[in-house]
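For reference, the chains in residue letters:
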Amino acid sequence: MNFITCRDLTREYKKGDTIIKPLDGVDLDITSGDFLALMGPSGSGKTTLLNLVAGIDSPTNGSLVIDGTDLSKLSRNKLAAWRSKHVGYVFQLYNLVPVLTAYENVELPLLLHDLSKKQRHERIQIALERVGISDRAEHFPRQLSGGQEQRVAIARAIATDPDIIVADEPTGDLDKSSAHAVMQLLQTLNSELGKTIVMVTHDPKTTEYATRTLHLEKGKLVEAEAVA
Amino acid sequence: MKIIRCFPYVTKQITRHRVRSLLTVFGIAIAMFLFTSVQAMNDGVLEATTATASDTTLVVYREDRYCPATSQLPQDYQRRIEGIDGVSSVTPMMVVVSNCRTSLDVVTFRGVPKESFLSGAGKGIEVISGSAEDWLSRTDAALLGETLANRRGLKPGMRFDAAGITATVAGIVRSDNPQDQNVAYTALEFVQLAGRDRLGIVTQFNVKVTDSALLDPVADEIDEMFRTAQEPTATFGEKAFIGRLADDIIELVGFARWLGLGCLAAVLALVANSIVLGVQSRIAEHAVLQTLGYKSWVIAVLIIAEGVLLCAIGGLLGAVVALSVARSGNYALSVEGTSIPIVADYGLLLMGLVVCVVIGVIAGLVPAWQASRRSIVECFRAV
């Protein structure tokens, strides 16, 4: 059964008198527990598709249904509430809040949930241990390496136990060994916790960790390849 | 109330951007110190010059005279004034000041008939240290207003010199009337004889009437009575009299109010600038919060809360310092024997805090609205 269903998914932007269409009528089905890698050249619409799936952008046309919820029909506030429950976002540049410690960064999404301080603490500990960075809980982002920052960002993404993890070039700013570690971590989240992962990448090596790779060009899906 | 749980995020933004926060708070504190000080002077002017329904005192002065050195009235006017219907008591006063000009430290001697003063014109006066008996029994004894005593560090038993008069402190007094707080009450004859022989001459009469509604008719009757006398009189309600003598101070304080409003504008600009810069430097951060599920209005409230907190800290600091300076200095603006106290009470502190909170909200509104309406994707593209 499809977990994410995109039909004729289109996103247009106006730039002056010109209309730019980074995503043009995409039909896509993603089943629960998939680890989908999206590849394609710059401007092909990968990040636009990722943002729509993450609920941080809304389609101009078409429908996007995730686990029975049509995101295109949700208001700004309802979309925010939906994101807090269902999506964990991993950014290329980590985007940790610089004045907060690793622990406090992971706590940020949990503050929106009805959890006691103790429950939040337990969840943060679990998330930090899962990404192997619990010993750096009291460190600020500036005191961490790129790989460690990305681990904290992943911990923040999984702290609320979301169904979907979206990752926008999660290894794009990392060295080879850190990139390998982060990809292994995402693969573990997919295989052991059953998280559905949608990842944008430029690096063909990272697609080896995915269960499925799709290519986009000029806003359209051009190729679909299943990986064993 | 999930948003309450998010407030530590606000305090961390302030405490961990230490330099920015300290500079902003320091600027707010300076501006609020000035605003609170101006407001304290303004409150003093209002307290000293605003007539109330309970006022029953008239001041009889020499017509066309504006200072105690030139207002000279025969003391025997007292008997004739006492004969007017509605007059309950008449207190002749000789006023001698250490400095005729406007100053923060003027000693004003008021010579009064001791035997009748405390039960008449000085009825509302409370002796808080020393004793009224000492004052009554000694010729050179003075009862000092609390403000004057504190400012000069005088205590019962001490002797002091001012305006060419040497007196002994018999007691310290407290009164609701600001004029009593900054004077030295002595025997009328003692002041009349001090330096030069002016027996039988007084500066003014303080006339109590039985009902405040009688103030104007009695004032008219007194002035009519002495219209053709060698020393004609001009009679005013006590607050109006103070307003007349202290009009220079009132004008200056009125102008200073504009400076106070300027201080508030400076606080607004400072906080708004700080918030705008903070929001601009945190565009990606706010986009991340929204990505995590923070609703637009929550982002707006967090931004406004940051402005309010900065304003409250700075405002409280400035107001507390202003209050401490005003209280420890016991300042009063004096001119021509009248006194405009600088009124620094906790109401002023509260007002300063409330004003700051309102400014914090106003300063944060526009940047908060802008930050909360931004598209998440646009924010990530912008950085």
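Cut-offs applied
- Residues numbered from 1 in each chain as written.
- Chains lettered and ligands numbered in written order.
- Predicted model: local features only at pLDDT ≥ 70, side-chain atom pairs only at ≥ 80, totals over all residues.
- Heavy atoms only, no water.
- Domains from an automatic or database assignment.
- Contact = heavy atoms within 4.5 Å.
- Buried area = accessible area lost by both parts, 1.4 Å probe.
- Salt bridge = Lys/Arg side-chain N within 4 Å of Asp/Glu carboxyl O.
- Polar contact = N/O pair within 3.5 Å; in protein donor to acceptor, adjacent residues only side chain to side chain.
- Axes fitted to C-alpha atoms, helices over the stretch in contact; angles between N-to-C directions.
- Helix = DSSP H or I, 4+ residues; strand = E, 2+ residues; numbered from the N terminus.
- Parallel < 35°, antiparallel > 145°, perpendicular 65-115°, else oblique.
- Left-handed = near helix turned anticlockwise from the far one by under 90°.
- Nonpolar A, V, L, I, M, F, W, Y, C, P; charged D, E, K, R; others polar.
- Buried < 20%, exposed > 50% of the residue type's maximum accessible area, 1.4 Å probe, protein only.
- 1 Å grid on protein atoms, 1.4 Å probe; cavity = no way out; pocket = protein on both sides within 12 Å on 5 of 7 lines; lining within 4 Å.
- Points joined across faces, edges and corners; volume = space filled by probe spheres on them.

(A) Region of the structure containing the domain arrangement of chain B. All names here are of chain B. Looking at chain B, the domain boundaries give domain 1 (2-48 + 248-382) and domain 2 (64-231). Look at where the C-alpha atoms of domain 1 and domain 2 centre, and you get two points 45 Å apart. Contact with domain 1, which involves 16 residues of that partner, is made by 20 residues of domain 2. Counting the surface domain 1 buries against domain 2, the share from its top three residues, Asn330, Ser334 and Glu336, is 41%. The interface formed by domain 1 and domain 2 holds 0 salt bridges in total. Our count for the domain 1 to domain 2 interface comes out at 2 residue pairs in polar contact (both at pLDDT 80 or more).

(B) Structural context of the packing of helix H12 (residues 283-292) of chain B against helix H13 (residues 296-329) of chain B. Residue and element names in this part refer to chain B. The N-to-C vectors of H12 and H13 enclose an angle of 140°; their axes lie 10 Å apart at closest approach. Considering their axes alone, H12 and H13 lie oblique with respect to each other. Crossing hand, H12 versus H13: right-handed. For the pair H12 and H13, contact is made by His286, Leu289 and Gln290 and by Ser296, Ile299 and Ile303, respectively. A class-by-class count of the residues in the contact of H12 with H13 yields 3 nonpolar, 3 polar and no charged.

(C) Summary view of the environment of Thr70 of chain B. All names here are of chain B. One can find Thr70 in the loop between strand S1 (57-62) and strand S2 (73-74). Residue classification places Thr70 among the partly exposed positions, given a relative accessible area of 38%. Remark: the alpha-carbon pair of Thr70 and Leu252, spanning 182 residues in sequence, is separated by 24 Å. Setting aside chain neighbours within four positions, we find Thr70 in contact with Arg62 and Arg65.

(D) Seen up close, the layout of surface pockets. When its volume is computed, the largest pocket comes out at roughly 720 Å³. Around the largest pocket, the lining comprises 28 residues; the ones closest to its centre are Thr47, Asn51 and Asp168 of chain A together with Phe380 and Arg381 of chain B. Mapped onto the lining of the largest pocket, the elements with two or more residues apiece are strand S1 (2-15), strand S2 (18-31) and helix H1 (46-54) of chain A together with helix H15 (376-382) of chain B. Top contributing element to the lining of the largest pocket by residue count: H1 of chain A, with 4 residues. Looking at the lining of the largest pocket residue by residue, the class counts come to 12 nonpolar, 10 polar and 6 charged.

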